[in-house]
Amino acid sequence: MKNLPRAGVMESPLRSQCPYCGVGCGLELLPPAAKGRATMRGQDGTPVWGARGDRHHPSSLGQVCIKGATVGQTLSNGRLTRPLYRPRLDQPLQPISWDTAFTILLERIHSTMAEKGPQALAMYGSGQFHCEDYYVAQKLLKGALGTNNFDANSRLCMSSAVAGYTRSLGSDGPPCCYEDLDQCDLALLIGANMADCHPVLFQRLAKRHRKRRRKRDLQIVVVDPRQTATSSVADLHLAIRPGTDLVLLHGIGHLLLRQTALDFDFIEGCTDGFFAYAKLLQDWTPTRVASVCGISSSDLRLVARLWARSRAALSLWSMGVNQSVEGTATVSGIVNLHLLTGQIGRPGAGPFSLTGQPNAMGGREVGGLAHLLPGYRHVRNPKHRAEVEAQWKLGPIAAEPGLSAWEQIEAMDAGALDLWWVAATNPLVSMPKLEKVKAAMARCPLVVVSEAYVNTETSRWAHLVLPAAQWSEKDGVMVNSERRVTLCPAFRGAPGEARADWQVFAELGRRLGFVEQFSYGSAAEVYGEFVALSVGRVCDTSGLSHELLRREGPQQWPFPAGATPGRGSRRLYENGNFPTPTGRAHFMVDQPRGLAEPPDGTFPLVLTSGRYLGHWHTMTRTGQLERLRRMHPEPLLEVNPVDAAAAGLADGAVARIRSRRGQVTARVSVRDQIRPGTVFLPMHWGTSQEGACEVNGLMHALGCPISQQPELKAAAVQLAPVGRV
Ligand SMILES: Nc1nc2c(c(=O)[nH]1)N[C@H]1C(S)=C(S)[C@@H](COP(=O)(O)OP(=O)(O)OC[C@H]3O[C@@H](n4cnc5c(=O)[nH]c(N)nc54)[C@H](O)[C@@H]3O)O[C@H]1N2
Ligand SMILES: Nc1nc2c(c(=O)[nH]1)N[C@H]1C(S)=C(S)[C@@H](COP(=O)(O)OP(=O)(O)OC[C@H]3O[C@@H](n4cnc5c(=O)[nH]c(N)nc54)[C@H](O)[C@@H]3O)O[C@H]1N2
Ligand code: SF4
Ligand SMILES: [Mo]
């Protein structure tokens, strides 16, 4: 299989990875004039690229969902084409040249360095960067500017998984692969609505489930306070109270221990900390667990029995686990069960985080969080810093982690940040506690937003808006949830003066005087520099290059220099050896603490939030498509009949939803599918979209103390019909 760098040569299909979710399906891109295809037209009347599943992509085998299939129609409408600037937020944005934009950036950087030092500069990036954008961004901040204040929206997304894997197994890195979905006999889907959010993987599992001959060939257990399209196929749905996942996991551990359904050889040979963990489990008796989680103890016993009997247990999780004040502990709680029963490092078994964004994985590998450096290195580790310093030749890297996403907001609010640069994320929809974010941004002397589309919620609060070339317009690499690396070639031109993010960061690096360190001839060169820094690390990709990926197709890591390209899947830790100092994985002992803001008499309900199948986050792409808008015409508040009656709300009525931080209105959908005491809103509608609903104005910003991931899945709220208080 072959990937062509440019459109125009029609014989070989052009291949890429879908730029939406972390499944990372392979796409075949169909040029506007492809033979035998009616030419589709975008909103602006111009012919658009088509997309269909790439049968050669080992991760998706030709499958796609509605978002991947329609992505071509969303790429050219409403794009930013020129840099824009205003000195003050009450002035209109005016077009400027790139040269002026760089001058504004340089002046601000120099004056900030002189007055406050580099810690008053920060960048907030994204799991939607290509690896090359990510790599140059954090080299610019951590190397050239001397501050580790580079963080990404992965902090709101995968950072609990990163922290959980690291403390339990010794390193980040999901150990499983998608073939495990074909080989497991128990799939525990905890805090993941795969049917809507990782649809191609869900279909793979659901198809097997439909065709199973005996129940015990594949059982699916779903843990979610709501019934979803995912739980509709489950053999068992545990509708636990929000925030009680760790209790549930300890309850399962308790029963496994009692049934002596343990893998003693694995525990003895490959782990430590068992006795302390076993002691913790004593307290989590079935009666207590059932009562805290709000489920029956017979259901609890059933899930423990299914696990005890399973030959290959696979846990799949996403935001219902990660976005919690005990997100890291819950991830470790999942890993604990796998260690207890030796369910890791073999076909069909293991703890498997479903990555959210298309390149959140690559971001972790290149060092895209404030405490990381390339190659899963840590800024606190002097050896790691020395290795990166030697490669970069930009001087010493600061020894302390930089400001994480929410810490950047707090610093800005305290007047301690003079430059906040947001790139490829839309925080004025997606960050919690939006009123505070707005107030903080209003205090910052220079807010820069690198963005592909015009007039997003966040660019309305920016002084300097930089037009970004997006996926399809720049060469780059993305890495999906099963550690598979795919080349995403440029096949369309960028509109107007839009530039690739990495090129902007590199040019600023050169203008800062680091000419040699930031002179890259191509994205392939950037990638080459990064992979050299991965040698010998868990995520070794030193054998990969754009050229190899173009020639051989997508590859899974580890892929050290000299590795043979192949399509087969591999797992980490097959030899029972873990990248900890002792080579053993750790049982982690964490006492559950529950929600940061539990419901009370005034705010009696827990508001949770999440996603719809047809929309992507803040809808800058999917919001353009009539077909997707028809699929989900408005944000609906899901309410149980008991809570609806108590609040005087009928189905279809409009409710006011109020938390300690703000209020929004939304139409009510009364349904049994959500457990009493919990209500749900989708996260997608900001203020730019019809049906505006600023959900995150309601959410609090308290986060997990280890991963610093905010608890975006729960805030205490009250409901009232609109018109009454
Ligand atoms: N269609 C679509 N797909 C996407 C995205 C998108 O925007 N649209 N975004 C991508 C990204 S970045 C991400 S991070 C993933 C997210 O993927 P998911 O995490 O699967 O999606 P969410 O809808 O955010 O949340 C999943 C479920 O968590 C449940 N939940 C809430 N609180 C709790 C709790 O306390 N415990 C448990 N067990 N469950 C709870 C919610 O009811 C919800 O059904 O999706 C990716 N895929
Ligand atoms: N209440 C609640 N809040 C949440 C969540 C939740 O479940 N509930 N989930 C959280 C999670 S997991 C996530 S991942 C975040 C997602 O939230 P965001 O990251 O804010 O969402 P997106 O809409 O994906 O934002 C990406 C932006 O980058 C732009 N863009 C696209 N390509 C490029 C490019 O190549 N370069 C540049 N410079 N810009 C580009 C897009 O137009 C868009 O404006 O939301 C978080 N917030
Ligand atoms: S499942 Fe995810 S990666 Fe695959 S086509 Fe859909 S959005 Fe794209
Ligand atoms: Mo995410």
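Computed from a predicted structure; not experimentally measured.

Thresholds, definitions, all that
- Residues numbered from 1 in each chain as written.
- Chains lettered and ligands numbered in written order.
- Predicted model: local features only at pLDDT ≥ 70, side-chain atom pairs only at ≥ 80, totals over all residues.
- Heavy atoms only, no water.
- Helix = DSSP H or I, 4+ residues; strand = E, 2+ residues; numbered from the N terminus.
- Rg over C-alpha atoms; globule rule 2.2 N^0.38 Å.
- Buried < 20%, exposed > 50% of the residue type's maximum accessible area, 1.4 Å probe, protein only.
- Contact = heavy atoms within 4.5 Å.
- Areas by Shrake-Rupley, 256 points an atom, 1.4 Å probe, with all protein chains shown as cover.
- Lys, Arg positive; Asp, Glu negative; His and termini not counted.
- Charge placed at Lys NZ, Arg CZ, Asp CG, Glu CD.
- Pairing = 2+ DSSP bridges.
- Axes fitted to C-alpha atoms, helices over the stretch in contact; angles between N-to-C directions.
- Near = heavy atom within 4 Å.
- Nonpolar A, V, L, I, M, F, W, Y, C, P; charged D, E, K, R; others polar.

*Asks:* Please provide a residue-by-residue account of the overall build of the protein chain, values included.
*Replies:* Helix and strand counts for the protein chain come out as 24 helices and 28 strands. Compactness check: the protein chain gives a C-alpha radius of gyration of 25 Å against a globular reference of 27 Å for 725 residues, within 12% of the reference. Across its three principal axes, the protein chain shows a C-alpha extent of roughly 70 × 65 × 60 Å. When burial is assessed residue by residue, the protein chain has 63% of its 725 residues classed as buried. In the protein chain, of all internal contacts separated by at least 6 residues, the share reaching a separation of at least 24 is 74%. Working note: accessible area of the protein chain is about 24,700 Å², and carbon and sulfur atoms make up 51% of it. Charge separation in the protein chain, taken as the distance between the mean sites of 79 positive and 64 negative side-chain charges, equals 4 Å.

*Asks:* Kindly report on the sheet that holds strand β13 (residues 350-353), identifying the contributing residues and their values.
*Replies:* Pairing in this open sheet of five strands is parallel, and the strands run β10-β9-β8-β12-β13 from one edge to the other. Here the strands that pair on one side only, and so sit at the sheet edges, are β10 (236-238) and β13. Strand-to-strand twist across the sheet, computed as the mean angle between neighbouring axes with direction ignored, equals 15 degrees. Pairing geometry for strand β8 (residues 186-190) and strand β9 (residues 219-223), over five bridges, is parallel. When the sheet's bridge partners are listed, Leu189 is paired in β9 with Val222. Relative to β13, helix α4 (residues 159-169) is tilted by about 155 degrees, and along the sheet it contacts β12 (313-317) and β13.

*Asks:* Talk me through the site of ligand 3; I want residue IDs and the actual numbers.
*Replies:* In the region of ligand 3, the neighbouring residues are Cys18, Tyr20, Cys21, Gly24, Cys25, Val64, Cys65, Lys67, Gly68, Pro199 and Val200. Of all the secondary structure elements, the ones that give two or more residues to the shell around ligand 3 are α1 (66-70) and α7 (199-211). Class assignment of the residues belonging to the shell around ligand 3 gives a composition of eight nonpolar, two polar and one charged.

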